[in-house]
Structure formats: structure tokens, C-alpha cells
Amino acid sequence: MRKTKILPWTEEWEKSYSQEEEILKEIIKGELVDIFHIGSTSVSAIGYAKPIIDILMVVKDIEKVDLYNEELRKIGYEPKGENGISGRRYFPKGDENRTHHLHIFQVGNENIKTHLDFKDYLIKHPDDARSYGELKTKLAKQFPKNHYKYQTEKQEFVNELIKKAKNWALKRTSY
């Protein structure tokens with residue numbers, strides 16, 4: 001069972017993302033539309049995160065992503081298919097010692113906007129971001145050897161943040 005390790009936010013995560021972004025852009029260049037650093041490591045105001053870089057990649061055709069599985073495997077990514085989210089291709093890197101999670105969606109998939117709105121919301125609402133970081137550290141101490149329980153316990157809070165982010169994004173774009 002994977003352990004839950006939470007660390008203070010560091011600029012090294014931005015550097016790690018940038019390095020990985022360049023490598024991934026080169027591999028997926030034929031299908032790539034855009035690529036983003038998402039998740040807690042992308043929002044300094046959260047203050048704490050698992051040291052795993054989440055990457056959101058947007059592609060032209062999700063079905064063609066499977067053609068890149070071998071190239072991605074060569075650089076340490078394990079193809080997991082949709083892995084529970086319809087329309088996604090998911091690739092963790094690092095087995096038990098995860099370093100990256102690559103989430104790939106086709107242009108137009110609603111999950112793209114959800115992830116980006118969530119990140120933007122937390123950047124613009126640092127109090128909510130800090131509360132999220134505090135919850136992460138509390139749960140990591142409570143469930144250090146049970147990653148599943150850690151994830152389950154924080155999900156309700158995350159779901160509330162997602163709702164807030166969606167409402168906030170709607171207000172920003174409505175006139």
C-alpha cells in the first residue's frame with residue numbers, strides 16, 4: 001500500500017513540471033493542443049502537497065493517444081487507460097514512488113475546464129487554498145500508511161471546492 005507523504009510547497013515542483021512538459025511535448029507533438037501543470041503542486045497558496053506533479057494534456061484525438069503508449073513507457077509512464085474516468089488516458093510515473101501523473105483528455109472534454117477552473121479558483125482564493133493544504137497535512141498524519149483512506153477522507157472537501165470553482169467560473173464568464 002502506498003504511503004501518503006505531504007511536503008511543504010516548493011518551486012522545485014514548477015521546475016520539475018517544466019522539464020517534463022518539454023519531454024512530453026516532443027513525444028505527443030502530433031496530437032498536442034495544450035499542456036498544463038495542475039493539482040496541488042501547481043498552487044503555492046495550498047502550502048502542502050504530495051510531491052507528485054499532475055499534468056493535464058489536451059489532445060486532438062483521444063483514441064490516438066494509445067499509439068504513444070510505448071514511447072511514454074520508455075520514459076517511465078505506465079499506461080492505465082481511462083482508469084475510472086471516461087474519455088481520459090491516465091499515466092502514472094514512478095510505481096510506488098510516484099513522481100508524476102499524466103492526465104490526457106481530448107479537446108472539449110468537460111474535465112479540462114473543471115481542472116483549470118479548480119486551479120484558478122484556488123489561486124484567486126488563497127484562504128480556501130490554505131484550508132485545503134491544512135486538511136491534507138491533517139489527513140496525512142491521521143492516515144500515513146493508508147493512501148486510500150487519505151483520498152476518501154479529503155474527497156468531500158474537494159467536491160465542495162469544485163462546486164465553488166464552477167460557480168466562480170460561471171460568474172466570471174457571464175455578463
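Above this text you will find the structure in question.
This section reports on the structure supplied with the text.

Conventions adopted
- Residues numbered from 1 in each chain as written.
- Predicted model: local features only at pLDDT ≥ 70, side-chain atom pairs only at ≥ 80, totals over all residues.
- Heavy atoms only, no water.
- Helix = DSSP H or I, 4+ residues; strand = E, 2+ residues; numbered from the N terminus.
- Rg over C-alpha atoms; globule rule 2.2 N^0.38 Å.
- Buried < 20%, exposed > 50% of the residue type's maximum accessible area, 1.4 Å probe, protein only.
- Contact = heavy atoms within 4.5 Å.
- Areas by Shrake-Rupley, 256 points an atom, 1.4 Å probe, with all protein chains shown as cover.
- Salt bridge = Lys/Arg side-chain N within 4 Å of Asp/Glu carboxyl O.

1. Considerations on the overall build of the protein chain
Helix and strand counts for the protein chain come out as 5 helices and 6 strands. For the protein chain, the succession of helices and strands along the chain, N to C, is β-α-β-β-β-α-β-β-α-α-α. In terms of overall dimensions, the protein chain is globule-like: its C-alpha atoms have a radius of gyration of 16 Å, near the 16 Å expected for 175 residues. Each of the three principal axes of the protein chain carries a C-alpha extent, and together these read 50 × 40 × 30 Å. For the protein chain, with 175 residues in total, the buried portion stands at 44%. Summarising the internal contacts of the protein chain: among those between residues at least 6 apart in sequence, 64% fall at separations of at least 24. Here the protein chain displays about 9,900 Å² of accessible surface, and carbon together with sulfur accounts for 50% of that area.

2. Examining unusual backbone geometry
Phi is positive for Asn83, close to 50°, though the residue is something other than glycine. On the secondary structure map, Asn83 appears in the loop between α2 (69-74) and β5 (88-93). Its relative accessible area of 44% is what places Asn83 among the partly exposed residues. Positive phi is not limited to glycine here, since Asp95 has a value of about 45°. With a relative accessible area of 64%, Asp95 lands in the exposed category.

3. Some points on the pattern of salt bridges
Oppositely charged side chains may form a pair once their charged atoms are brought near each other. Tallying each qualifying case throughout the model produces 14 salt bridges. Note that Glu78 is salt-bridged to Arg73, the shortest N-O span being 3.7 Å. The partner of Glu153 in a salt bridge is Lys149, with the nearest N and O atoms 3.2 Å apart. With Glu153 and Lys149 both in helix α5 (residues 147-173) and 4 residues apart, this pair spans about one turn of that helix. When its relative accessible area of 37% is taken as the criterion, Glu153 is described as partly exposed. Judged by its relative accessible area of 31%, Lys149 falls in the partly exposed class. Residues participating in the shared-partner salt-bridge network are Glu63, Asp66 and Arg89.

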